[in-house]
Amino acid sequence: MHISAKADYATRALLELASDPGRPLSCEAIASSQEIPFRFLKSVVGELRRAGLVRSQRGCEGGYWLGRPAGEIALLDVVRAVDGELITLRGESLSGLDYPGPAVGLPGVWRRVESDAAAVLGGLTLASLLPAGAREQPSAIGAA
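For clarity, every value in this text was computed on a predicted model and none was experimentally measured. (Residues numbered from 1 in each chain as written. Predicted model: local features only at pLDDT ≥ 70, side-chain atom pairs only at ≥ 80, totals over all residues. Heavy atoms only, no water.)

Visitor: Describe in detail a positive patch on the surface, supporting the description with residues and values.
Guide: A contiguous patch of positive charge, built from K42, R49, R50 and R58, is present on the exposed surface. For R50, the position within the fold is in helix α3 (residues 38-50). (Patch = residues over 30% accessible without salt bridge, like charges linked within 9 Å, V, L, I, M, F, W, Y side chains within 5 Å. Areas by Shrake-Rupley, 256 points an atom, 1.4 Å probe, with all protein chains shown as cover. Salt bridge = Lys/Arg side-chain N within 4 Å of Asp/Glu carboxyl O. Lys, Arg positive; Asp, Glu negative; His and termini not counted. Charge placed at Lys NZ, Arg CZ, Asp CG, Glu CD. Helix = DSSP H or I, 4+ residues; strand = E, 2+ residues; numbered from the N terminus.)

Visitor: Could you give an account of the pairing of strand β1 (residues 54-57), with specific residues and numbers?
Guide: The side chains of a regular strand alternate between both faces of the sheet. Relative to strand β2 (residues 63-66), β1 is paired through four bridges, and the arrangement is antiparallel. In the strand pairing of β2, S56 is matched with Y64. In sequence, β1 turns back onto β2 through a hairpin of five residues, with G59 there showing a positive phi of about 105 degrees. (Pairing = 2+ DSSP bridges.)

Visitor: Describe the pattern of salt bridges, with residues and values.
Guide: Under the criterion given, the structure shown has five salt bridges. Notably, a salt bridge pairs D8 with R12, separated by 3.1 Å at the nearest N-O pair. With D8 and R12 both in helix α1 (residues 5-18) and four residues apart, the pair spans about one turn of that helix. Residue classification places R12 among the partly exposed positions, given a relative accessible area of 22%. (Buried < 20%, exposed > 50% of the residue type's maximum accessible area, 1.4 Å probe, protein only.)

Listed below in structure tokens is the structure:
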């Protein structure tokens with residue numbers, strides 16, 4: 001199983017935003033703090049914005065915030081926002097996969113792996129991954 005750099009960087013960027021949701025962060029600040037290549041992060045944040053996982057504001061008071069509370073953003077949301085399908089086989093979805101003969105049961109195994117991975121990622125939110133001292137304050141969401 002492969003976890004893409006995009007999914008890793010997107011999750012790390014969102015965790016950085018979730019650690020202090022009351023203030024916006026620039027891509028430069030996130031990239032520096034998480035040691036992520038800036039140019040790559042910029043494109044990843046664009047995908048997160050299109051998926052509604054972050055919101056942005058331009059200007060000297062601007063930057064990025066979470067698009068919704070960290071407790072409402074599951075890792076599955078993040079992976080699907082930047083990678084699309086959770087698991088693919090040679091770039092293709094597992095939904096129509098069908099093998100003949102002795103391999104007839106294999107597509108079911110791949111689909112179960114995908115289902116189990118979705119269950120794990122869907123059960124973990126950004127809030128659940130934050131260190132105890134960095135948990136978001138509900139009143140801070142949307143403030144600023």
